[in-house]
Amino acid sequence: MEEVEELLNRLKTTLIAHSYLTAKNNEELLLNKLQGLVTNIKWSPVDAADLFDVLLKRFESTTTDRSHLLSWMLNMLHCIEINYITPSWRRQQGKTLIELVRDRTVTDEDLKKYLADDTEKQLDEILEEIRHQKLNQIDETLLDDVKDIVSSVIKDLSSHKHGSQQSGLKKDLLRICQAAEETHFRPRLTQMVSWCIMALSKTGQLIQVGTGEGKSCIVAMFAAFRAMRGEKVDIMSSSSVLAQRDLDEWRNFYNILKISVSCNINKQDKDSKECYKCQVVYGTVEEFAGDWLRHHFHRMNIFGQRTFQCAIVDEVDSLMLDKGHHVVYLSSDMPALQHLNPLLALIWSTVNKYTKIGTKTTVGQTYPFPHVVLENIKGKDVDEFSILQMAEDTGILAKGSVNDLKRNPSLLTEKTASVTANQLAKFFEAVERRFPSCQFALHCINNDGAIEELNKGPQKETAERQRVPLLLINGGFCQYMYSDENSIQRAVQAEIEHALHFTPCQLSQDTFSCYVPGFLSDLVKLKLKVWIENALYAQTMRMDHEYIMEEHGIVPVDYSCTGVVENNMKWTDGLQQFLEMKHECKLSDMTAITNYMSNVGLLQKYGNQIFGISGTLGQQTENETLQKIYEGIKTCRIPSFKRRKLFEVEGVIVGDEKDWIEKICNVVTAKTNLTPYRAQRAVLVICETIKRAKVVHHALEDKVLNKKLYISNNMDNTAIFAKKLEAGEVIIATNLAGRGTDLKVSDQVKRDGGLFVVQTFLPKNARVEAQAFGRTARQGSPGSAQLIICPSHLTKLLQLLALIGKHRSLLENIFNDMLVYRHLFVVQFRLYQKSLSNEVSKSLALKVLTKTSDLGIKTLKDARNDSVEQTLASYLECDIPKIKKEEELFSQYLNTLDEVYKSSNKPADSYLSALNEFWGMWLLTNFSENDSIMDLKNKLNKDLETARDKLRQKQSPSSNLHYYTAFGNELREKGHLAESIEMYTKAIQEDRCWAAIAYYNRAFASLTLQDKHQEPNCIDLAREDLLNAFKSVELYCEQIELTRRYSTQVRDLHSDSVTRFESHMIARHNVLLYFKANIIEAMKKVDRAKDLSGYVKVEESLVYFLVPLMHFLPLAVLSAESLTTIRSRDPLKLLQLISHPSCDILNELRCLESLGLTHVYTLFPVDGFFSKIRRLLHF
C-alpha cells in the first residue's frame, strides 16, 4: 500500500512539474537548447554542462547586470546550434569552442564570426574522409593517383598554365576544368576528386555527393571525358525538366570542348534520329527505353549505329532501386479488349454491393429470404412457393399470401414488410429442422448498432454441414456475412460467373447478362480473380494519395518516393478502369503489353560501364543489392566541400491526427515568428500525400500569411523557384520537394539558421528521409530539420511499436526525477538572474542534461530499416528474376520479328497486328514465375511457329474474328473482292454475335463484286448480311448500356450533371447509332432496288464520314485554340487535348476503324429497266 501511495505522490509531483515547465517560458527554451546539444549534436552531458558553465562565467566577466543573461545565453546557444558546433570542432588556430569562450580577448561578435566562418576543405582532408568511410570501396593506390592528378591540375589552374607538359588524365582534367571555369566556375576539389575516381575506374562506379554539392557539374565533366575518348555517352536524369535544364546549363561547356550534345525529350522520330548522332545525349530513362523499343520493336531505326557504351545516371539510387522494376512500354492498339469493359463494370458493380459492418465483418447484397433458402437447399425437390408456404405455415406471412403471390409475385416485398429479424430467425430454425443438412448462423443488428448472434446454440459443424452466416433484416431480407477477403472474393466471383456468357451463344432477353467474345475466354478465366482483387483494392485507394484526377483522367502518384505525378503511367489488370469508374471519368480500354523495357534491363545493356551519382546511396544493404544486380559496380561517398551544418531537432511521435496537425502548426509558427535571439526563418513542410499537404495548408490558413503549395508537377510552380525564400515564408509540399529540388534562401534567412524542414511522416526508407533533409544546410550554409510522426499514418506493426514506445516513455517519466530537476534548475536560474542567488549549480545542469533520449523514433526507424532489408531481399529473389524472364521472352519475340521482316521486307499491317496481339495475349495467359525460362522459351517458340503458320494461311492465331475482318479489308484494298468475302465469312463463322463489321463489309464487297450485274440472290444475301449487322450492332449498344448501368449504380444519386464517364459512353453509343442508321438506310436502298428489279450502285467513303460534320465543329474550334499546344509538343498538354470531350467522337470512329470499319457505304438504287438494257447491250 505504501508503494502505491509513493507511486501516486511521484506521479503527482511529475505532473505538477510538467505543467509548470510546459508553460511558455524562456528558461525552458534554454534547457531545450542545452538538451539539443546532447541529443542532436552529440555533446556529452558533461561537455554540455561545461559549456553552460563557461558561458555563464563569460557573461559574468563582462557585466554585473544579469537582466539580459537569458537572451544573451539563448543567442549564443542558437549560434552554436545553427553552425553545428561539436565538442571536437576547432578553429583554424586550433582552439575548441570552450577554449574560445574562455578567451576574454575574443569578443562576442568575433566568436559568432568564427563559428559561422567555415572554409572549404583541403585535398588531404577530403581524401582522409574518403579513406575512413566504411562503405567506400576505394583502395589506397587509387587515392594516391587521385591526389597526384588533382594536385597537379590545381597547380596549373592556379598558375594559369595551359598544361602543355601534362599528359593522360592530368591533361584531360585540366582541359575540362578550364572549359568549366570559362563557362561557369572552377570545379571544386570534391568535384575534381569525384571525376578522378570515376575516370580511374575500369568498371562502373557509383558515387554519393551531398545535395547542393554540384552533381550536374561532375556529370558534365565525366561525360565530356568519355566523349573526348570517342565514346557515346547517355546521361539519364530523374526527370525531363532536369534533363533539359542540365543540357541548357552546360551546352556552352560542351561547345568549347567541341562535343556534340542533345536531349531526347519530346522529340519527333526524325529529330530523335538526329539527337542520337550526338556524342552526349541527356534524357530520362523512360525516353531512352522508349526510343530503344521504337528502334527494335517498331523498326524505326532511331539509334542508327549508336550502341550502349557509357551510362551516367543521376539520382542513381532512385532509378536502380526504387524504380528499377518500372517498365516502359509503347502503347499497342488492341481494340478487341474493349469487349472486356462490360465485364469490368459488372465486377465493379458487384464488389460495391459488399459493405463492411464493424471492423471484421462484410455483408453482401440484400436478398429476399426465399432466395437464400432455395440457394442453400440445392438438389431438393422444392420451389419458391414451397418455401413461401412454409413461411405462411410458421406465421411470418399472413394466411392466403402464397395464393396472392402466385397471381402477382411482385407483392412479396409488401407481404414481408412487417416481418422482423427475430420472426425471420424462427422461420430459419424451422427450415433447419425440415432440412437438417441446411444450417445457418443467424445475426441481426441490435439497438446499439452492434452485430448480435440470434441462435447461439451448441450446433456442431462438419465437412458436410457447415453453418451459413446470415444477417437478418427487418422486412424479410437477408445478407450473407463474410469474415475474410478470400470468402468475399469467392462470393463475388460466383455472382460474376452467373451473369457472364462467352459468345457465340444464344443471347438471352434479360438486360443484365454480360457477353464476352469466346476468343477472350482463356484470358478472362485466368485473370478474373486478379480483376476482382483489384476492384476491391480500388475501393480502398484514395484520391490525392495514390492518385489524382487530372483533365486527362486518373493519374498515379509516386507518393512514397518522389511525389511525382506520373502522367504517362497507367495501372494494369483493370485497376485503372476501376478507378475511372469509381470517379466516373472517361473509361479507357484495357491493354495487353506487347513490348517493354525495365529500368534494370536497360541499364544492364551497358555492362560494367554504368556510372551513377546521387545524394543518397543508402546503407550497406542497398549497396550490396546494387552490386548483385549490376556487374562490377563499386561505391564511394564523397565528403562535402564544406563542413555540413544540419541540425536535426529530435523527432516526435504525437498522439493522433489532431495533435499531429497542431504540432506541425506550432513548429511552423515558432520558426516563422521573431524570438529574442533570432529573426524569422523560412520553413519547408513535406507531407506524405497531396491530401495531407492540403490539410496542413488549410490548418495554417490564419497562422501563416506567406505560404505556397507545391504538390504537383502538373501545376505551374515557377513562383516557388522564381526567387529566394525570404524570412517568414512557408512551402507546404509532398516528396516532390525532396529529390532534385533546389530551394534558395535569402542571406537573412541563412544568418538566422537557414531553411527549417519539417518532415511530417516516417519516410519509406532512410534515403528518402535524407533527400528531404538535404533541401537544407546546403553548401556549408546552416539549416535544421525535424520529424513529426502521427501513429495513425503508420502500418499496423509500426503503430504498435509507437504505442509501446509511448507507454514506455510514460513509465520512465513516472520513475524519473528529471522533471523535478528541470523545475529546480529553472527556479535557480531565475533567482540568479534576479541577483537573489550567486550560483547556478553546474551539477544540477549535468543532472538535467543526463536525459534518456526518446527511443520511439529510433525504434520506428529500426523497424522501417528492417522492412527495407526484407523488401530488397524480395526484390532480388522475386522481382529481378521475373523481370529477366520477361525480357528474355521479349528478346525471343524480337528475334521472331527479325525473321518476319527478313522473309518479307514490309509485312502487312494486319499480319503484324495479329502476331503482336498473339504475343501479348500469350504473355498474359502463359507466363508463370514458377516455370523455368527454358520451358517458357520452348513453349513460346513452339506457339509462335504455330501462330505464324496460321497467319500464312490467313487464319487468326487467336481465333479473333476482328483479324479476319482486317485480313479481308487488306484484300479488298488490293481489289481481291472474292478473297475478301471469304475472310469476312471466316470472321462471321468465328463469332456471329460480334461480327457486325464483317457482315457489313461482306454485304458491300458482294454488291461491289457483281457491280451492275447483281443477281436477285446477291441482293437478298446483301440485305440479310445488313440485317445481321444491324442485330450485332444492337448487341454492341446493349453492352455499352450495360457498362453504363453497372458503372453508375454506385454514383451519387443527388447529382444531375452529366459525368465525364457518361459523356464518353454517350459518344460511343451515338457513333453506333449512326452506324445503325447507315445500315437501315442501306437496307431501304436494297429493298428499293429489289422492288425496281434493278441493282444498287455502291459508293464508299472513309469511316469519318459516318457522322454529320456538326460533330467535328467543337473539335475544329478546340484544335484552332490549341495550335500553340500542338506545336509545343508538351506531352501533358497533348494528353489533355486528346482526352478532351470534343475528341470523343473522333476517338470512337478510330476505334471502329481499328475493329475493321475502315469505310462506310452509300447505296444508289438503279431502275430495273435500265439495268436490263445494260445487260442486253453487254451480251
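Visitor: Please clarify how the overall build of the chain should be interpreted in this entry.
Guide: Check the secondary structure of the chain and you find 47 helices and 28 strands. Expressed as lengths along the three principal axes of its C-alpha atoms, the size of the chain is roughly 125 × 95 × 55 Å. Burial analysis of the chain (1179 residues in total) assigns 52% to the buried set. Carbon and sulfur atoms provide 51% of the accessible area of the chain, an area that totals close to 54,000 Å². The distance from the centre of the 145 positive side-chain charges to the centre of the 151 negative ones in the chain is 3 Å.

Visitor: Looking at this structure, how should I read the pairing of strand S5 (residues 310-314)?
Guide: Strand residues, when the strand is regular, have side chains that alternate between the two faces of the sheet. Taking burial as the measure, the 5 residues of S5 include 5 buried ones, the bulk of the element. Of the two faces of S5, the one lined by Cys310, Ile312 and Asp314 and the one lined by Ala311 and Val313 are each fully buried. Relative to strand S19 (residues 610-614), S5 runs parallel, the two sharing 4 bridges. Bridge pairing in S19 links Val313 to Gly612.

Visitor: Explain helix H46 (residues 1144-1154) to me, please; I cannot follow it from the model alone.
Guide: Since the α-helix turns once every 3.6 residues, residues separated by three or four places project in the same direction. Most of H46 is tucked away: 8 of the 11 residues are buried. Regarding H46, the residues found buried are Asp1144, Ile1145, Leu1146, Asn1147, Glu1148, Leu1149, Cys1151 and Leu1152. Taken from the residues just after H46, Gly1156 is the one with a positive phi, measuring 120°.

Visitor: I would appreciate a short explanation of a nonpolar patch on the surface in the present structure.
Guide: Side chains of Leu800, Leu803 and Ile804 sit close together on the surface and give an oily, nonpolar patch of about 270 Å² of accessible area. Within the element layout of this structure, Ile804 appears in helix H32 (residues 796-814). Ile804 gets classed as partly exposed once you look at its relative accessible area, which sits at 46%.

Visitor: Where do I start with the side chain of His78 in this structure?
Guide: By secondary structure assignment, the location of His78 is in helix H4 (residues 69-82). Those residues in contact with His78, other than ones at most four positions away along the chain, are Lys33, Tyr677, Arg678 and Asp752.

Visitor: Got a minute to help me understand the packing of helix H40 (residues 996-1010) against helix H42 (residues 1060-1091) in this structure?
Guide: Packed helices, taken two at a time, are described by their axes: the angle between them and the distance between them. Two numbers describe how H40 lies on H42: the axes approach to 12 Å, and their chain directions differ by 35°. For the element pair H40 and H42, the recorded crossing hand is left-handed. Between H40 and H42, the residues in contact are Ile997, Tyr1000 and Phe1004 and Phe1075, Asn1078, Ile1079 and Ala1082, respectively. For the contact of H40 with H42, the class distribution of residues is 6 nonpolar, 1 polar and no charged.

Visitor: Any chance you could explain the packing of helix H18 (residues 384-393) against helix H21 (residues 421-434) here in plain terms?
Guide: Interhelical geometry of H18 versus H21 gives an angle of 120° and a closest axis separation of 10 Å. By the angle between their directions, the pair H18 and H21 is classed as oblique. In this structure, the crossing between H18 and H21 has a hand that is right-handed. Facing Ile387, Met390 and Ala391 of H18, the residues of H21 in contact are Phe427, Ala430, Val431 and Arg434. Looking at the contact of H18 with H21 residue by residue, the classes come out as 6 nonpolar, no polar and 1 charged.

Visitor: I'm lost on unusual backbone geometry in this one. Help?
Guide: Most peptide bonds take the trans configuration, and most residues that are not glycine carry a negative phi. Residue Pro504 follows Thr503 across a cis peptide bond; omega there is 5°. Here Pro504 shows up in the loop between strand S13 (500-503) and strand S14 (514-517). With a phi close to 50°, Glu315 is a non-glycine residue in the positive phi region. Here Glu315 is to be found in the loop between S5 and helix H15 (316-322). Overall, Glu315 belongs to the buried group, its relative accessible area being 3%.

Visitor: Quick question: what am I supposed to make of the packing of aromatic side chains here?
Guide: The geometry of an aromatic ring pair is captured by the separation of the ring centres together with the interplanar angle, meaning the angle of the planes. Evaluation of the coordinates by the stated rule reveals 35 aromatic pairs. When the ring of Phe369 is compared with that of Phe427, the centres are 5.1 Å apart and the planes differ by 70°; the resulting orientation is edge-to-face. Here Phe369 is found in helix H17 (residues 369-376), whereas its partner Phe427 is found in helix H21, with 58 residues between them in sequence. Of the two residues examined, Phe369 and Phe427, each falls in the buried class. The interplanar angle of 90° and the centroid separation of 6.5 Å between the aromatic rings of Tyr547 and Trp571 together place this pair among those described as edge-to-face. Here Tyr547, found in strand S15 (residues 547-550), pairs with Trp571, found in the loop between strand S17 (564-565) and helix H24 (575-582); they are 24 residues apart in sequence, far enough to count as distant. Each member of the pair, Tyr547 as well as Trp571, is classed as buried. In this structure, Lys954 packs its charged tip against the face of Phe967, placed 5.6 Å from the ring centre. Directly above the ring of Phe512 sits Arg1045, whose terminal nitrogen or CZ lies 5.1 Å from the centroid.

Visitor: What is the right way to look at the pattern of salt bridges in this model?
Guide: Pairs may arise between side chains of opposite charge once their charged atoms sit close together. Scanning all chains against the criterion turns up 61 salt bridges. Note that Arg245 and Asp246 form a salt bridge whose closest N and O atoms lie 3.0 Å from each other. Its relative accessible area of 40% is what places Arg245 among the partly exposed residues. Between Lys694 and Asp544 there is a salt bridge; the shortest N-O distance is 2.9 Å. Remark: Asp544 occurs in the loop between helix H23 (521-540) and S15 and Lys694 occurs in helix H28 (residues 690-699); sequence separation between them is 150 residues. Judged by its relative accessible area of 38%, Lys694 is partly exposed. Sharing partners across several salt bridges, the network here consists of Glu315, Asp317, Asp322, Glu622, Arg739 and Arg767.

Visitor: When you look at the environment of Thr625 in this model, what are you seeing that I'm missing?
Guide: With respect to the element layout, Thr625 can be found in helix H26 (residues 620-629). Its relative accessible area of 3% is what places Thr625 among the buried residues. Taking the C-alpha atoms as reference points, Thr625 and Ser956, separated by 331 residues in sequence, lie 45 Å from one another. Not counting residues up to four positions away in its chain, the partners in contact with Thr625 are Leu321, Leu872, Tyr875 and Leu876.

Each value, and the rule that gives it
Residues numbered from 1 in each chain as written. Predicted model: local features only at pLDDT ≥ 70, side-chain atom pairs only at ≥ 80, totals over all residues. Heavy atoms only, no water. Helix = DSSP H or I, 4+ residues; strand = E, 2+ residues; numbered from the N terminus. Buried < 20%, exposed > 50% of the residue type's maximum accessible area, 1.4 Å probe, protein only. Areas by Shrake-Rupley, 256 points an atom, 1.4 Å probe, with all protein chains shown as cover. Lys, Arg positive; Asp, Glu negative; His and termini not counted. Charge placed at Lys NZ, Arg CZ, Asp CG, Glu CD. Pairing = 2+ DSSP bridges. Patch = residues over 30% accessible without salt bridge, like charges linked within 9 Å, V, L, I, M, F, W, Y side chains within 5 Å. Salt bridge = Lys/Arg side-chain N within 4 Å of Asp/Glu carboxyl O. Contact = heavy atoms within 4.5 Å. Axes fitted to C-alpha atoms, helices over the stretch in contact; angles between N-to-C directions. Left-handed = near helix turned anticlockwise from the far one by under 90°. Nonpolar A, V, L, I, M, F, W, Y, C, P; charged D, E, K, R; others polar. Parallel < 35°, antiparallel > 145°, perpendicular 65-115°, else oblique. Phe/Tyr/Trp six-rings, centres within 6.5 Å; stacked < 30°, edge-to-face > 60°. Lys NZ or Arg CZ within 6 Å of the ring centre and 35° of its normal.

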